[in-house]
Amino acid sequence: MKRPDIDDPDLPLTELFHYWPRASLPFLDHGMLCPGCPIAPFHTVTDACEEYDLDEAAFRAELRRAALETH
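For clarity, every value in this text was computed on a predicted model and none was experimentally measured.

Membership of the largest hydrophobic core comes to 18 residues, with the highest contact counts inside it found for Leu13, Leu16, Trp20 and Phe27. The set of elements that each furnish at least two residues to this core consists of helix H1 (13–19), helix H3 (45–51) and helix H4 (56–68). Ranked by the residues each element gives to this core, the list is headed by H1, at 4 residues. In contact with Trp20, other than residues within four places in its own chain, are Arg3, Pro4, Asp5, Ile6, Leu11, Ala67 and Leu68.

Below is the structure:
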């Protein structure tokens, strides 16, 4: 299966965490409970940012940095 676009506004959080496991780090850094949440299959980054009152553009930049970081 083709990897989805990390910036897709309709990408469910479970898929984000599946394809980019390190993307969970910014969520945890912000005290967000999204990784492991039973609602994650139905929520997007937009939903999470609205729920936690975060600037979506800034949070997406954090996600890209964490998810695409190589070791």
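After presenting the structure, the write-up continues.
Quick look at the packing of aromatic side chains now. With the rule as written, the count across this model stands at 3 aromatic pairs. An angle of 80° between the planes, with centres 5.1 Å apart, marks the rings of Phe17 and Phe27 as edge-to-face. Of the two residues, Phe17 sits in helix H1 while Phe27 sits in helix H2 (residues 24–29), which places them 10 residues apart along the sequence. Among the residues examined, Phe27 registers a relative accessible area of 0% and is labelled buried.

Quick look at the pattern of salt bridges now. Charged atoms that come close allow side chains of opposite charge to pair. The full count for this structure, using the stated rule, is 3 salt bridges. Between Arg60 and Glu56 there is a salt bridge, and its shortest N-O distance comes to 2.9 Å. One end of the pair, Arg60, and the other, Glu56, are both in helix H4, 4 residues apart, so they sit about a helical turn from each other. By relative accessible area, which is 10% here, Arg60 ends up buried.

Calculation notes
Residues numbered from 1 in each chain as written. Predicted model: local features only at pLDDT ≥ 70, side-chain atom pairs only at ≥ 80, totals over all residues. Heavy atoms only, no water. Core = buried A, V, L, I, M, F, W, Y, C linked by side-chain atoms within 4.5 Å. Buried < 20%, exposed > 50% of the residue type's maximum accessible area, 1.4 Å probe, protein only. Helix = DSSP H or I, 4+ residues; strand = E, 2+ residues; numbered from the N terminus. Contact = heavy atoms within 4.5 Å. Phe/Tyr/Trp six-rings, centres within 6.5 Å; stacked < 30°, edge-to-face > 60°. Salt bridge = Lys/Arg side-chain N within 4 Å of Asp/Glu carboxyl O.

Geometry only, nothing functional implied.
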